[in-house]
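One letter stands for each residue in the lines below.
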Amino acid sequence: MTAQPQKYYTQEEYLELEREADYKSEYFQGEIFAMAGAGHNHNRIVENLSIEVGSFFRGKSCRTYSSDQRIHIPANGLYTYPDLLLVCGKNEYLDDKKDTILNPVVIVEVLSESTEAYDRGEKFHFYRSISTLKEYVLINSRAVAAEVFRKNDEGIWMLASEAYVIDKSIELASVGLTLTMQDIYAQTEDLV
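K.L.:
So what about the pairing of strand β12 (residues 169-172)? Which residues, and what values?
P.N.:
Residue alternation in β12 divides its side chains into a buried set, Ile-170 and Leu-172, and an unburied set, Ser-169 and Glu-171. Where β12 lies against strand β13 (residues 177-180), four bridges are found, and the strand directions are antiparallel. Note that in β13 the partner of Ser-169 across the bridge is Thr-180. The turn linking β12 back onto β13 is made up of four residues, and Gly-176 within it adopts a positive phi angle of 70°.

Next comes the structure, spelled out in structure tokens:
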């Protein structure tokens, strides 16, 4: 039996397919990867963050976008959908369709068992090439645990804030926001 050749897509082909698709997919170096659905805790955390962060920025120049907002990283060609992203100032778009953002300031990924290694490793590596990105937040959906990585003035990424118990908080210094773990994990279930 012979293996079927892998089909590779151009970025233009991906965007055309993605804009018509009923589901979300990531794109990297010619390959399209369907994104899996999320569980209760994952969705609850994203919703909690959307409420808390969105309320904080109401009437200000920053705004949030949840997991239906695609971003593109020109330096490495990745198209993906972060769980939550913050943009401050004017949105920069890939094209006149205005459905792909280029300038997030903060990206949040909610970790699941199947995505944790990718979100901590290769995906974080890809995100670091976004010139506007100042902070990267990882929040565990299976246990109370959150980490904020921040780019310093020399361009070095460092762990800047972390919390592993429900009565602590994390700080997003680049946008002047503190989030309590209690608010992040409200109405989640079966955490270890």
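K.L.:
Quick one: what's the story with unusual backbone geometry, residue by residue and with numbers?
P.N.:
In this structure, Gln-29 takes a positive phi of about 45° despite not being glycine. Structurally, Gln-29 can be placed in the loop between β1 (25-28) and β2 (31-34). One non-glycine residue, Asp-190, adopts positive backbone phi at about 55°. Structurally, Asp-190 can be placed in the segment after α5 (181-184). Take Asp-190: its relative accessible area is 73%, and that puts it in the exposed class.

K.L.:
Before we move on, could you go through the state of the cysteines and cite the residues and values that matter?
P.N.:
Inspection of every chain in the model, using the stated rule, returns one disulfide. Covalently, Cys-62 is tied to Cys-88 through a disulfide, its sulfur atoms 1.9 Å apart. On the S-S bond that ties Cys-62 to Cys-88, the torsion sits near 105°, and the link is right-handed. On the criterion of sequence distance, the pair formed by Cys-62 in strand β3 (residues 62-66) and Cys-88 in strand β6 (residues 84-88) is long-range, its members being 26 residues apart.

K.L.:
Before we move on, can you summarise helix α2 (residues 40-57) with the specific residues and values?
P.N.:
Along an α-helix, residues three or four apart share an orientation, since each turn contains 3.6 residues. Across its 18 residues, α2 extends 26 Å between first and last C-alpha, which sits within 8% of the 26 Å expected from 1.5 Å per residue. Those residues of α2 that sit buried are Asn-41, His-42, Arg-44, Ile-45, Val-46, Asn-48, Leu-49, Val-53 and Phe-57. Here the buried face of α2 lies against β3, β6, β8 (106-111), β9 (135-140), β13 and α5. Looking at the residues trailing α2, positive phi occurs at Gly-59, about 80°.

K.L.:
Account for the pairing of strand β10 (residues 146-151), naming residues and giving values.
P.N.:
Strand direction decides the pairing type here: β9 and β10, joined by five bridges, are antiparallel. Bridge assignment links Ile-139 to a residue of β10, and that residue is Ala-146. Between the end of β9 and the start of β10, which pair antiparallel, lie five residues. Here six bridges tie β10 to strand β11 (residues 157-163), and the two strands are oriented antiparallel to one another. Directly across from Lys-151, in β11, lies its bridge partner Trp-157. Where β10 folds back on β11, the antiparallel hairpin that results is connected by five residues, among which Gly-155 adopts a positive phi of roughly 85°.

Reading guide: rules and limits
Residues numbered from 1 in each chain as written. Predicted model: local features only at pLDDT ≥ 70, side-chain atom pairs only at ≥ 80, totals over all residues. Heavy atoms only, no water. Buried < 20%, exposed > 50% of the residue type's maximum accessible area, 1.4 Å probe, protein only. Helix = DSSP H or I, 4+ residues; strand = E, 2+ residues; numbered from the N terminus. Pairing = 2+ DSSP bridges. Disulfide = S-S within 2.5 Å. Expected span 1.5 Å × (residues − 1). Contact = heavy atoms within 4.5 Å.

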